[in-house]
Each structure stands twice: as C-alpha cells, then as structure tokens.
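A structural walkthrough
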Amino acid sequence: MKCRSCRGPAVIELRRHNAGFCGECFLRHCREQVRKAIEEFAMIAEGERVLVAVSGGKDSLALWDLLLDLGYEVDGLYLGLGIGDYSDESHRYARAFAEQRGVRLVEIDLPADVGFDIPTGSARARRVPCSACGLSKRHLFNTAAVDGGYDVVATGHNLDDEAAVLFGNVLRWSTDYLGRQLPVLPATNGFVRKVKPLVRLGERETAAWCVLRGIDYIVEECPMAAGNKHLGYKEALNAIEEQSPGSKHAFYFGFLTRASHLFRPQAHAEQEGLHPCVSCGAPTTGDRCAFCKLVARATAP
Amino acid sequence: MRVLLRNPRRELEIDGPLRVHTLLERLQLNRESVLVIRGDTLVTGDALLEDGDDVEVRPVISGGC
C-alpha cells in the first residue's frame, strides 16, 4: 500500500478516509485533524492556558503531545485512582512523558488527598466503579483547573469514545445527556471550558500517533472497565465500521450538525438551576454535589 | 513468527509467510480494533509477515468513559 500524499510505503491504512499514509504524512494528518477540530469548535483561543487530563493511556498522552506540537501552553493533570498496579504503571507513563518533554505534571492522589480509592470507594458507595471514577475525574479536573487559573480543560475523548457514548445515549434516549454531548462545553459559573480536541481522530489513530512518536503508554485495559457497557458499544460500532467504513464519523458528526440542537434546551435549563454546593462550593443542582455525596459514602466508617 | 497479543498478554508461534489481514482473520480480530507492529514499525494489512518476525497485535480499544 502507498501513502496517499507522497506515494511512499504506507504504515497505516485509514479505511474511513479510503487512504494509506506513511509515518510522516500520517503525523501531519493527525495535526491537521486536531487543528481543524480546535478551529471548527472554537476550543482554545490564542494565549489561553490549557490543562490536559492525563491518564497514562494513548489518548491523553497523544493529546498532550499534539497540543504541545501545535504550540499551545499545556500542563498535564494526573489523577491517581488507587487501582493497584494499574494506577502505579499508568502514573509512571504520565511522569515519564512529562520528564522527557520537560513539561509540568500536576498530580492528585485520590486515596491520599481525598480519602478513598476507586475499587473500595465505589463498593462502599454502591456505585459502578466507572461511574465513581468518571464523577471523581470530572469534579477534580474542574477544581484543579479553577484553582490553577487555567482557561480550558482538555480531555482525550476521541471519535470512538464520542460515537460509543452517543450510541449508549440514543439506545436509552437519555435526552439530558444528549443535550450536553458536545466537543466543547462552554465555561459557566464555577466550570471552566471543557474541550475534546481528538474528536476527529479514532483510537487507532491516537495509538498509531504514540507508536510513531515513540510515546510509551499503558496498553493494558483498566481492570475495573472489563466488560463495561462502553466497551460493548465500541465493539458493536467497530463491527459496523468494518462493513461500512466512515459509519462512526457519520453517526457522531451527523448528530452534531442535525440533531444535537434539539436536545440543548433541556441541558440549558439544567445549567440555569446550578448553585454552589454547600460543602465544597462546586456548581450543583442540589444542596450537596454528587462528588461530595460520593466522598461521604466512600469514606464513611 | 512470534506474535504478541494483549489483554491478556500472551505469545503465539505462527508459521509464515502470511499477510497481516490473514493473520487478523485467523485470530478473529477486527482490523478496526488493533494495530499491527512488526519489530518497532507499524504495518498495513497487505504487509507480508515472515518466519522470524516479531509481531505485536496491539488492541486500541479503551474502556474509559
């Protein structure tokens, strides 16, 4: 197979683009896709400080690398989840990247700084581990960004992630979530702007970016995620994609252009009902935010 | 050739020569869900794998949400 751009030998085939790319042209393709997403959705303005949520996995490290490569001022934030060897290893990859690039990695340790780890805390709180993990990340990333004076939190959600979440939300017609499923969530009172610059790249592309750039990342799957619904949705979508390349892109971007606006009024109404949590001050619709409730249950004697 | 698989990590010995897409079919893996790396180089589906190659079939699906 030949590279679509330079006709040299290809190292990766992207069937949804009906193209192969050599290493150099593939890296340029990735930069172009991220630049296009940032511009199209007005994710990051010139001079803004960005905090990237870094897990030690391929997506977040690729995102950090890409944003640095594109010239943005970006620090990383690693959240230690206390998931045994998996967390220790992912932490090593995040630190190694920061040291190699000479960039700043902010670190928060859930067990040491908040008082619980995901496996035991989620069990005590009677929540699915991925739910407790996602809630903790959303809260602590936002708090760290507000405290650190960052303008934007960037996450490594890619096209596969967004298509899988959309698939799940449509299966259950979760209209409140559909109204908020956007590549950019604007800053509101107490929330910094959240952006997903990888929405135009699939996870094969973010993994290939890391391989070609020599970035080591944790390949092993989180042990808490095994068998979760999100993975099942991804497998289902990849089965469709194999038969019909481009389906995931058409599904997600078709939603954004043709249907997303239909669900936004409900999300706006929810935003308007936000007020500070009586415990931590973070925006919430109730008296106490969901994270403070989780902490109370997860750390109860 | 030696083929490294992940999640769970394991190694297989497979006779070559064979194309990457044939290897993936034999392993019943969706080509949208993996990268194939020979040595330290990515390879496309039409690449011919030979006896003596070190091949990694790396999954790219991650479950975080």
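Residues numbered from 1 in each chain as written. Chains lettered and ligands numbered in written order. Predicted model: local features only at pLDDT ≥ 70, side-chain atom pairs only at ≥ 80, totals over all residues.

**Considering the overall build of chain B**
The condition that has to hold: The secondary structure listing takes helices from DSSP runs of H or I that are at least 4 residues long and strands from runs of E that are at least 2 residues long, numbered from the N terminus. Labels follow a simple rule on C-beta atoms placed from the backbone: if 20 or more others lie within 10 Å of a residue's own, it is buried; if 12 or fewer, it is exposed; otherwise it is partly exposed.
The number of helices and strands found in chain B is one helix and seven strands. Scanning chain B from its N terminus toward the C terminus, one meets helices and strands in the order β-β-β-α-β-β-β-β. Its C-alpha atoms give chain B principal-axis dimensions of roughly 40 × 20 × 20 Å. Taken across its 65 residues, chain B has 26% of its residues classed as buried.

**Section: the overall build of chain A**
Defined as follows: Here, residue contact means that the backbone-derived C-beta atoms of the two residues sit within 7 Å.
Along the backbone of chain A there are 13 helices and ten strands. Overall, chain A is about 65 × 45 × 40 Å in size when its C-alpha atoms are taken along their principal axes. Relative to its 301 residues, chain A shows a buried fraction of 44%. In chain A, the proportion of contacts linking residues at least 24 apart, taken out of those at least 6 apart, comes to 68%.

**Concerning the interface of chain B and chain A**
Worth spelling out the cut-off: For this classification, Asp, Glu, Lys and Arg are treated as charged, while Ala, Val, Leu, Ile, Met, Phe, Trp, Tyr, Cys and Pro are nonpolar and the rest, including Gly, are polar.
At the interface, 21 residues of chain B touch 32 residues of chain A. Mapped onto the side of chain B that touches chain A, the elements with two or more residues apiece are strand E4 (34–38) and strand E5 (41–42) of chain B. Residue classes in the side of chain B that touches chain A are distributed as seven nonpolar, nine polar and five charged.

**Regarding the sheet that holds strand E6 (residues 152–154) of chain A**
Residues and elements named next belong to chain A. Basically, it comes down to this: For two strands to pair, DSSP has to find at least two bridges joining them.
Read across the sheet, six strands follow the order E5-E4-E3-E6-E8-E7 without closing on themselves; strand pairing throughout is mixed. The outermost strands of the open sheet, each flanked by one partner alone, are strand E5 (105–109) and strand E7 (184–185). Pairing of strand E3 (residues 49–54) with E6 involves three bridges; the strand directions are parallel. By the bridge assignment, Leu51 is partnered in E6 with Val153.

**Structural notes on helix H3 (residues 84–101) of chain A**
All names here are of chain A. What counts is decided by this rule: Expected span of a helix: the number of residues minus one, times 1.5 Å. Here the arc refers to the set of directions running from the helix axis out to each C-beta atom.
The end-to-end C-alpha distance of H3, which contains 18 residues, comes to 27 Å, matching closely the 26 Å that a straight helix rising 1.5 Å per residue would cover. Among the residues making up H3, those that are buried are Ser87, Ser90, His91, Tyr93, Ala94, Phe97 and Ala98. The buried residues of H3 occupy one face: seen down the axis, they fall within an arc of 160°. Exposed side of H3, more than 90 degrees from the buried face: Asp85, Asp88, Glu99 and Gln100 are the residues found there.

**A word on the sheet that holds E4 of chain B**
Heads up, the rule is: Between the N-to-C directions of two axes lies an angle of 0 to 180 degrees, each axis being a line fitted to C-alpha atoms and, for a helix, fitted only over the stretch in contact.
Strand order in this open sheet of five strands is E2-E1-E7-E4-E5 (chain B), and the pairing throughout is mixed. Unpaired on one side and paired on the other, strand E2 (10–13) and E5 of chain B mark the two borders of the sheet. Pairing of E4 of chain B with strand E7 (residues 54–59) of chain B involves five bridges; the strand directions are antiparallel. For Ile37 of chain B, the partnering residue across the bridge sits in E7 of chain B and is Glu56 of chain B. Across the sheet, helix H9 (residues 203–213) of chain A touches E4, E5 and E7 of chain B, and the angle it forms with E4 of chain B is around 25°.

**Here's the deal with the packing of helix H7 (residues 159–171) of chain A against helix H10 (residues 229–243) of chain A**
All names here are of chain A. Quick note on the threshold: By the definition adopted for this analysis, an angle is roughly parallel if under 35 degrees, roughly antiparallel if over 145, roughly perpendicular if from 65 to 115, and oblique otherwise.
For the pair H7 and H10, interaxial distance at closest approach is 9 Å and the crossing angle is 105°. Put simply, H7 runs roughly perpendicular to H10. Residue-level contacts link Asp160, Ala163, Ala164, Phe167 and Gly168 of H7 to Lys229, His230, Tyr233, Lys234 and Leu237 of H10. In the contact of H7 with H10, the residues fall into five nonpolar, two polar and three charged.

**Regarding the pairing of E4 of chain B**
Residues and elements named next belong to chain B. Sheet analysis places E4 next to E5, joined by two bridges and oriented antiparallel. Among the inter-strand pairings, Ile37 is bridged to a residue of E5, identified as Leu42. Hairpin connection of E4 to E5: two residues between the antiparallel strands, including Gly39 at a positive phi of 65°.

**Structural notes on the environment of Gly52 of chain B**
Residues and elements named next belong to chain B. Along the chain, the position of Gly52 falls in the loop between strand E6 (48–49) and E7. Look at Gly52 and you get exposed, because 8 C-beta atoms sit within 10 Å. Considered as a pair, Gly52 and Glu13 are 39 residues apart in the sequence and their alpha carbons are 9.8 Å apart.

**Quick word on the pairing of E5 of chain A**
Residues and elements named next belong to chain A. For clarity, the cut-off: Whether a crossover is right-handed depends on one test, that the path from the first strand over the helix to the second runs clockwise when the strands point away from the viewer.
Alignment of strand E4 (residues 73–80) against E5, held across five bridges, turns out to be parallel. The residue of E5 that forms the bridge with Gly76 is Leu105. Running through H3, the crossover from E4 to the neighbouring parallel element E5 is right-handed.

**A short note on the nonpolar core**
In a soluble, globular protein the nonpolar side chains are often hidden away together inside. To be explicit about the condition: Put simply, a nonpolar core is a cluster of buried Ala, Val, Leu, Ile, Met, Phe, Trp, Tyr and Cys residues tied together by C-beta atoms within 7 Å.
Of all hydrophobic cores here, the largest spans 92 residues; its most connected members are Val50, Val52, Leu67, Leu77 and Val153 of chain A. Dropping the residues within four chain positions of it, Val153 of chain A is found in contact with Leu51, Ala53, Phe141, Asn142, Ala145, Val192 and Lys194 of chain A.

**Some points on unusual backbone geometry**
Residues and elements named next belong to chain B. In this model, Asn7 is joined to Pro8 through a cis peptide bond whose omega is 0°. Tracing the sequence through the fold places Pro8 in the loop between strand E1 (2–5) and E2. Across the junction of Gly16 and Pro17, the peptide omega takes the value -5°, indicating a cis bond. Mapped onto the elements of the fold, Pro17 is located in the loop between E2 and strand E3 (18–19).

**Side note on helix H1 (residues 23–40) of chain A**
All names here are of chain A. For H1, built from 18 residues, the straight-helix expectation of 26 Å at 1.5 Å per residue is met to within 8% by its first-to-last C-alpha distance of 26 Å. Listed in full, the buried residues belonging to H1 are Phe26, His29, Cys30, Gln33, Val34, Ala37 and Ile38. Down the axis, H1 shows its buried residues gathered within 165° of arc, on one side only. Summarising the geometry of H1, the exposed residues directed more than 90 degrees from the buried face are Glu32 and Glu39. As for H1, its buried residues are in contact with strand E1 (12–14), strand E2 (19–21), helix H2 (58–69) and H9. Trailing H1 by a residue or two, Ala42 shows a phi angle of about 50°, which is positive.

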